Each structure stands twice: as C-alpha cells, then as structure tokens.
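A structural walkthrough
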Amino acid sequence: MLVGREGKLDSMEKNYASAGPKFIVVYGSHRCGKTKLLAEFAKGKKCVFFSAQKLNSFMNLRLFEKAVSEYTGEEESFPRWKEAFARIAELSKSERLLLAIDDFADLVFEDRTVLKDFRAAFENEWRTANLCVAAACGRPFFTESEILAENSAAAMRRPIIYKLEELDYYEAARLLPQGTSSRDKLRYYCCLGGVPEYLKLVKSGLSFEENIRHIFLTEESALFSAPPMVFLDELREPEFYNSILFAVAGGCRRINEIVAKTGESSTKVNKYLLTLLQMQIVSREIPFGEENGTSRKGIYTINSKALAFWFRFVLPNKTAISEGKMVLKNLTEEVDAYISGKLYEQVCAQYMTRKNKQGDLPLLASVISGYWGSLKERDDATLVAANQRNRQILFAEYRQSYSEPGEKLLSRLRARDRLFTEYWERFDMLFSVEPFPRELRNLENMKLRLVDVDGLYK
C-alpha cells in the first residue's frame, strides 16, 4: 500500500507519458519511502531496474551489467560506465525505456566520475533517446548541492524533482492497525514519526506501551540500535554528533544550552550543528515575525521523531535494556509528558497546514509558524497563521487540557490583540489532547475554533 505518495506517483506517470528524454529525481531522508515509490513507478513498464549498493564503482558496474542482462536476456559487459550508459541509449531506440536507479546518490558519492559520465550521456547519447531515467537518492544535502546543482541540472535536461518528507501525522495514522484510538495515533506518531517502515512495526492486539517496548526497549527490538546507525553512518566522529543530538533531544534547544550540556566549545558545536543542518537531521526554527538571518531566538529540533525518541529514551537506558531490565515503568505517562510541548505543536501545525490546503481555515494562510516573544516562552509557544496581504491572523495554542472558566479564557485570548497590530482581522484556535468542557464548547464560533485529539483525525 502506497500511503501519502499517490499524488507524486500520478505526477511521475504523467511526466513519463510525455515525449522525449526525462530525468526524474526522488530524494529525501532515510526510510521515507523512496525505494517503494520507485518500485511502484516501475511496475508495468519496460524497465532496467538497478539498485546501487555501498560498494566501489567497479563492483556496482558489475551489478549494473547484471540488471541490463536481465532486461535484454543477453550477457552484457561494460568496461566503463560510459559504455554502460551508451548501451541504455541503444535499448531505448525501439521503445520507451525506463532506467530506474535506486540509491543513485550513494553510487555517485563514492565515485564522482560516474556522475560525470551520467551528465555526458544526457548531453550526447540520451539527448534524443526515448528514455526516462528515474533516480532515488538519499543524502539530501549531497543530492541538492551536487546532483541537482544548477550546473549539473542544466546538463541533465532540467530534472523533475520530488522531495519526500516523512508522512504527516494524518497520513501516518493510515498505516496503524485498525481500531487504534486517536490518543494512541498521536503517541505513535510522536515516537515513530511518519516513516512507513517503522509504523508497520506496530502490532495489532498489543497496547501502546507493549508496542513501544517491543519496537525500542529490548535488546532484540528493531529500533534498539537502528536510528543513529541509519542517520549517522556516513559521518566521521559520530560521538560528537551523538552528544549534540542527545542534548537537543533532552530539551537543550539553544547554542549555549547545547554547549553547556556537551562540554564542547561553541565553535565546535556550531560546526557540527551546521553539518546536521545541511544533512537535514536537525532544523533551526525562528518565531513568526523574526528574520532568519538575524534572529537571536532560533531553536534547534531533531527532524526525525524516531531519532529524537531514541536519544531521549533509549540511549540513557541502553545498559539497563541490554541487561534485560524493564525501564521506564510509567512509559505512557512519560511519553505523554514528552509529546505535550514541541511535538504536539508540530502535529497542530500539520493539522493547520492540511486544513489550509483544503480551504478549511477561517483565512487562507500564506505562512504558518510558531511564535514566542522571548526564549523563556519557547516551550509555551503559540502557532500563528497569517495572510499578510489581507491583514488576517490566527493564533493557535495547544495544551493537554483546558479547565479555566470561559470568561477568563476569552480575556486571556484578547490579550494577544496587542501583538502584530498591523493585522486587522483576528481569529483563535485551541488544541487540546483531552476533550473540551461543555462551557468552552459553547463559546465556539466563527472567530474561535476548538480541536481535540479526535478532531485532529476527522
């Protein structure tokens, strides 16, 4: 089942059906479904499907020979990649051919001459070929800076680019067992993220806590060691990157906090954070209304929720887990506390983005972002959706539950009227994990929308 990628697959099919040589690039971080999408795209087509391995160029060329041989039914032999690509041009003369290359970034990362020959093929033999090349690429920074760089892309016929992010919370829930409660859907997403491979580890008939222990918290667990290996295996000095990610997962969001937690110099922390940013393992967020280049209120978060969960709960307990001890005896309570801040905010932002695309917000937002007036307020951030042209703004806050009297709530919301006074029309939205009291439900109107955890999945 291909979940959350149906639109991309339809677009790829349309591009394949149009005449002339095409270069389609599907790229994204680890385990985001690139191979699955490429395989689905290849179904029913005349296709040479080649999966590059983490081997040297010579040995990958031997595997490429095998892939071409399986297509032609003949024994193929290529002394160099140049001749291999020329053979693909020959095969595409008589009929439309798809050349699907999985892990293309790994192939050309190890030997840049392969990329050089690949570009040359587009400039020469493939220029008039009836050929579509589809490449699945990991290593997002390398893919963007080398394969999709302007000088490279120009030589490869303006590639058609599809970047795969993890599934959002709503799409991720489609991969969970039928009957999973909304509350558990939220919990699973904040622990596993939108990675199909991880979500499919959730077993029907087990409770949330039993599943998380089965997935993360025994030595035989599928994700007991996997997340850091998957994301950091290509980096030197992984101990420094691990230290930074451990600090961020533990709540250290600013440079000075990470420096204090790791005991490393600010110069070193900045250097390694830059690499993590380039690899898209972490993100730097700034509040609404601030300039990215000058804001001093930026905070860092780990993009992969499974990786963040691993550093928060597995790494500190690895020894005990290896000894067979039961850790995190109040697991569900600890997870609920863990997701109540930044992770819940991200889910609420995804809900607002989804509703905005559907035209189901009270305004058509051109930007959706977090807002915190000072760094002390960063864990109590408010979400902001704004239409800058029409001077409309929506403030959204998220909490575990609401129990305050209606008049007090309305008074607190109106205190925001002093913020961003250039926006004339103002709306509010409240998110709550627990159901809202009837008194607050009665206050809901065109200017105030309430969304509980069940409402997230409607």
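Anything mentioned here points back to the structure above.
Presented here is a report on the structure given in the accompanying data block. (Residues numbered from 1 in each chain as written. Predicted model: local features only at pLDDT ≥ 70, side-chain atom pairs only at ≥ 80, totals over all residues. Heavy atoms only, no water.)

1. With respect to the packing of helix 14 (residues 238-249) against helix 15 (residues 255-262)
Note the threshold: Angles run from 0 to 180 degrees between N-to-C directions of axes, and those axes are lines fitted to C-alpha atoms, restricted for helices to the stretch in contact. Put simply, DSSP H or I for four residues or longer makes a helix, DSSP E for two residues or longer makes a strand, and each gets a number counted from the N terminus. What sets the label is the angle itself: under 35 degrees gives roughly parallel, over 145 gives roughly antiparallel, 65 to 115 gives roughly perpendicular, and the rest give oblique. A clockwise turn of the near helix away from the far one marks a right-handed crossing, whereas an anticlockwise turn of less than a right angle marks a left-handed crossing. Should any heavy atoms of two residues lie within 4.5 Å, those residues are counted as being in contact. Residue polarity is assigned by list, with Asp, Glu, Lys and Arg as charged and Ala, Val, Leu, Ile, Met, Phe, Trp, Tyr, Cys and Pro as nonpolar; anything else, Gly included, falls into the polar class.
The N-to-C vectors of helix 14 and helix 15 enclose an angle of 120°; their axes lie 9 Å apart at closest approach. Our classification of the angle between helix 14 and helix 15 gives oblique. Handedness of the crossing formed by helix 14 with helix 15: right-handed. Of the residues in helix 15, those touching helix 14 at Ser-243, Ile-244, Ala-247 and Val-248 are Ile-258, Lys-261 and Thr-262. Grouping the constituent residues of the contact of helix 14 with helix 15 by class yields four nonpolar, two polar and one charged.

2. Quick look at the environment of Ser-57
When you line up the elements, Ser-57 lands in helix 3 (residues 57-72). Note: C-alpha distance between Ser-57 and Leu-107 (50 residues apart in sequence) is 7.1 Å. In this view, Ser-57 contacts Trp-81, Asp-111 and Val-114; residues no more than four positions away in its chain are not counted.

3. A short note on empty space enclosed by the protein
Where we set the bar: Each cavity reported here is a set of points on a 1 Å grid over the protein atoms alone in which a 1.4 Å probe fits but cannot get out, each pocket an open set with protein on both sides within 12 Å along at least five of seven lines, and each lining residue one with an atom within 4 Å of a point. Grid points are joined across faces, edges and corners, and a volume is the space filled by probe spheres set on the points.
Overall, the coordinates contain two cavities of 30 Å³ or more when judged by the stated rule. Quantified by volume, the largest cavity comes out at close to 50 Å³. For the largest cavity, the full set of lining residues is Arg-183, Leu-186, Arg-187, Asp-336, Ile-339, Tyr-344, Gln-400 and Val-433. Contributing elements (two or more residues each) for the lining of the largest cavity: helix 10 (182-192) and helix 19 (331-339). Ranked by the residues each element gives to the lining of the largest cavity, the list is headed by helix 10, at three residues. When residues of the lining of the second largest cavity are traced back to their parent elements, those giving at least two are helix 14 and helix 16 (266-278). Residues that form the lining of the second largest cavity fall into these classes: four nonpolar, two polar and two charged.

4. Side note on the pattern of salt bridges
Using the following cut-off: Counted as salt bridges are all cases of a side-chain nitrogen of Lys or Arg within 4 Å of a carboxyl oxygen of Asp or Glu.
One pass over the structure, following the stated rule, counts 38 salt bridges. A salt bridge links Glu-197 to Arg-31; the nearest nitrogen and oxygen atoms lie 3.3 Å apart. With Glu-197 in helix 11 (residues 196-199) and Arg-31 in the loop between strand 1 (22-28) and helix 2 (34-42), this pair connects stretches of sequence that are 166 residues apart. Salt-bridge contacts for Glu-290 lead to Lys-297; the nearest nitrogen and oxygen are separated by 3.4 Å. Salt bridges linked by common partners bring Glu-397, Arg-399, Glu-404, Arg-412, Arg-414, Arg-416, Asp-417, Arg-426 and Asp-428 together as one network.

5. A closer look at the layout of surface pockets
Reported here for the largest pocket is a volume of approximately 1200 Å³. The wall of the largest pocket is formed by 40 residues, among which Glu-165, Glu-166, Asp-168, Tyr-189 and Gln-350 lie closest to the centre. Secondary-structure elements contributing two or more residues to the lining of the largest pocket are strand 5 (160-164), strand 6 (282-285), strand 7 (299-302), helix 20 (342-357) and strand 8 (367-371). The leading source of residues in the lining of the largest pocket is helix 20, at eight residues. Of the residues that constitute the lining of the largest pocket, the class distribution is twelve nonpolar, 14 polar and 14 charged.

6. Describing helix 6 (residues 112-123)
This is how it is decided: Expected span of a helix, by definition, is 1.5 Å for each gap between consecutive residues, and there is one gap fewer than residues. Buried, partly exposed and exposed residues are distinguished by accessible area as a fraction of the type maximum, computed with a 1.4 Å probe on protein chains only: under 20%, between the cut-offs, and over 50%, respectively. What the arc measures is the spread of directions leading from the helix axis to the C-beta atoms.
Compared with an ideal rise of 1.5 Å per residue, which puts twelve residues at 16 Å, helix 6 spans 17 Å between its outermost C-alpha atoms and is within 8% of the ideal. Looking only at helix 6, the buried set comprises Val-114, Leu-115, Phe-118, Ala-121 and Phe-122. Across the axial projection of helix 6, the buried residues extend over an arc of 115°, all falling on one side.

7. Considerations on a nonpolar patch on the surface
The condition that has to hold: Without a salt bridge and with relative accessible area above 30%, a residue can belong to a patch; like charges are then joined within 9 Å and nonpolar side chains (Val, Leu, Ile, Met, Phe, Trp, Tyr) within 5 Å. In this description, accessible areas are obtained by the Shrake-Rupley approach with a 1.4 Å probe, and a residue is regarded as covered only by the protein chains that are shown.
A contiguous nonpolar patch, built from Leu-55, Phe-58, Met-59 and Leu-63 and spanning about 360 Å² of accessible area, is present on the exposed surface. Residue placement: Leu-63 occurs in helix 3. A relative accessible area of 32% places Leu-63 in the partly exposed class.

8. Quick look at the sheet that holds strand 8
Heads up, the rule is: Here, strands pair whenever DSSP counts at least two bridges between them.
Taken in spatial order, the five strands line up as 8-9-10-11-12 in an open sheet, and their pairing is mixed. In this open sheet, the two edge strands, each paired with only one partner strand, are strand 8 and strand 12 (448-452). The mean angle between the axes of side-by-side strands here comes to 20°, regardless of whether they run parallel or antiparallel. For strand 8 and strand 9 (residues 382-387), the ladder comprises five bridges, and the chain directions are antiparallel. Across the sheet, Val-367 pairs through a bridge with Ala-386, a residue of strand 9. Relative to strand 11 (residues 425-432), helix 20 is tilted by about 130°, and along the sheet it contacts strand 8, strand 9, strand 10 (392-399), strand 11 and strand 12. Along the sheet, helix 21 (residues 406-414) contacts strand 10, strand 11 and strand 12; its crossing angle with strand 11, the most-contacted strand, is approximately 130°.

It is worth stressing that arrangement in space is one thing and function is another; only the former is reported here.
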